[in-house]
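Here is what each chain is made of, one letter per residue.
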Amino acid sequence: MGDRPVLYIEDNFHNRRLVRKILASRGFEVLEAEDGLSGLAMLRALRPPLVLLDIGLPDIDGLEVVARIRADAELRATPVIAITASAMRGDRERFLERGCDDYLSKPLQALELIALVERHYPVDPAPGAEA
Ligand code: MN
């Protein structure tokens, strides 16, 4: 993995390509999963420190993915940002209530995406700092 890996769980190729390009410009490496179960497997195997999550996925939906992340002692601290076309009143609150740390609606705005990822990306402690 590169210096700043991010996992994006998204079934739509065009969205994955867009997010990959936007985040690569800021030094992030986007690891891509096309469905919920392979996303969870990738998260367990590679432990990227941030997850971008589509809600409409072909197998389990994104809310089930975030539920499984929050139920797993080793994964539960991972920040999750939901990215979805669903922009109905109350969606943001619903996603946050169900365990997402933040929410971004499609169509994606590059600067908004970058700002959210930077805000939630865990900062490594300085070398020698107490954990
Ligand atoms: Mn989708």
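Residues numbered from 1 in each chain as written. Predicted model: local features only at pLDDT ≥ 70, side-chain atom pairs only at ≥ 80, totals over all residues. Heavy atoms only, no water.

(A) Focus on unusual backbone geometry. With omega at 0°, the peptide bond leading from Lys106 into Pro107 counts as cis. Mapping Pro107 onto the fold places it in the loop between strand 5 (102-105) and helix 5 (110-120). Here the phi dihedral of Arg47 falls at roughly 50°; this positive angle occurs in a residue that is not glycine. Secondary-structure assignment places Arg47 in the loop between helix 2 (36-46) and strand 3 (51-53). Given the relative accessible area of 40%, Arg47 is considered partly exposed. (Helix = DSSP H or I, 4+ residues; strand = E, 2+ residues; numbered from the N terminus. Buried < 20%, exposed > 50% of the residue type's maximum accessible area, 1.4 Å probe, protein only.)

(B) Highlighting the nonpolar core. By size, the foremost hydrophobic cluster in this structure holds 21 residues, and its most contacted members are Ile9, Leu53 and Val65. When residues in this core are grouped by element, the largest group, four residues, is from helix 3 (residues 62-70). Once you skip the residues sitting within four places of it in the chain, Val65 turns out to touch Ile9, Gly36, Leu40, Leu53, Leu57 and Ile60. Counting 18 residues, the second largest nonpolar core, distinct from the first, contains Leu23, Phe28, Leu113 and Leu116. (Core = buried A, V, L, I, M, F, W, Y, C linked by side-chain atoms within 4.5 Å. Contact = heavy atoms within 4.5 Å.)

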